[in-house]
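Structural features, examined
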Amino acid sequence: MTDKIELTLEQMNQINGGTLHESCDLMFALAGKGYGPFIKVNKDRDDLLDIEGMQAFFAERGYKFIPAFSDDQQNMFIAPDGMPYGNDYVIYLLKNDQL
């Protein structure tokens, strides 16, 4: 059983690292699978996303997570075989227990 995570709308609007939509989707997919909320206060970046924690999580699985910090870029993941993947594919892998 995983702990329930509750965020206010204001907190959700402060999550950054790629587009807000991508980052929220990834954070919720990780939390939904019980890997943790990956939330921390980053006053230097003015966001709530634990990017370093997520990078460590993916590194443990052989992936390099390269977050984007603007709405005109996308998060990127480099798989163990060197192939680059986008946020949607990694969320698909998470949801299907293939990561």
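Shown above is the structure to which this text applies.
Quick summary incoming for the structure in this document. Note that the structure is predicted; figures quoted are calculated from it, not measured.

The number of helices and strands found in the protein is four helices and five strands. Sequence-ordered secondary structure for the protein, helices as α and strands as β, is α-α-β-β-α-β-β-β-α. Among the 99 residues that make up the protein, the fraction classed as buried is 35%. When contacts within the protein are restricted to residue pairs at least 6 apart in sequence, long-range pairs at least 24 apart make up 43% of them. Carbon and sulfur atoms provide 50% of the accessible area of the protein, an area that totals close to 6100 Å².

For the rest of this paragraph, the subject is the sheet that holds strand β5 (residues 84-86). One open sheet holds the three strands; their spatial order is β3-β4-β5, and the pairing between them is antiparallel. Each edge of the sheet is formed by a strand with only one pairing partner; in this case those strands are β3 (64-66) and β5. If you compare each strand with its neighbour and ignore which way they point, the axes differ by 25 degrees on average. Alignment of strand β4 (residues 76-78) against β5, held across three bridges, turns out to be antiparallel. Opposite M76, over in β5, you have G86 as the bridge partner. The sheet contacts of helix α4 (residues 87-95) involve β4 and β5, and relative to β5 the element is tilted by about 85 degrees.

Soluble, globular proteins show a tendency: their nonpolar side chains are buried together. Of all hydrophobic cores here, the largest spans 18 residues; its most connected members are L26, L30, M54, F58, F65 and F77. Among the secondary structure elements, those contributing two or more residues to this core are α2 (20-32), α3 (51-60) and α4. When near neighbours in sequence (up to four residues on either side) are disregarded, L26 contacts M54, F58, F65, N75, F77, N87, V90, I91 and L94.

Moving on: α4. Turning to α4, its buried residues number three or more, namely N87, V90, I91, L93 and L94. One side of α4 holds all its buried residues, which, seen down the axis, span an arc of 155 degrees. Seen from the buried face of α4, the exposed residues on the opposite side, beyond 90 degrees, are D88 and K95. Phi turns positive one or two residues past the end of α4, at D97, with a value near 50 degrees.

Here K95 lies in helix α4. On the basis of relative accessible area, K95 is assigned to the exposed category, the value being 57%. Here the alpha-carbon distance between K95 and K33, two residues 62 residues apart in the chain, equals 7.4 Å.

Conventions we followed
- Residues numbered from 1 in each chain as written.
- Predicted model: local features only at pLDDT ≥ 70, side-chain atom pairs only at ≥ 80, totals over all residues.
- Heavy atoms only, no water.
- Helix = DSSP H or I, 4+ residues; strand = E, 2+ residues; numbered from the N terminus.
- Buried < 20%, exposed > 50% of the residue type's maximum accessible area, 1.4 Å probe, protein only.
- Contact = heavy atoms within 4.5 Å.
- Areas by Shrake-Rupley, 256 points an atom, 1.4 Å probe, with all protein chains shown as cover.
- Pairing = 2+ DSSP bridges.
- Axes fitted to C-alpha atoms, helices over the stretch in contact; angles between N-to-C directions.
- Core = buried A, V, L, I, M, F, W, Y, C linked by side-chain atoms within 4.5 Å.
- Arc of directions from axis to C-beta.

The quantities given are spatial measurements derived from coordinates; they are silent on function.
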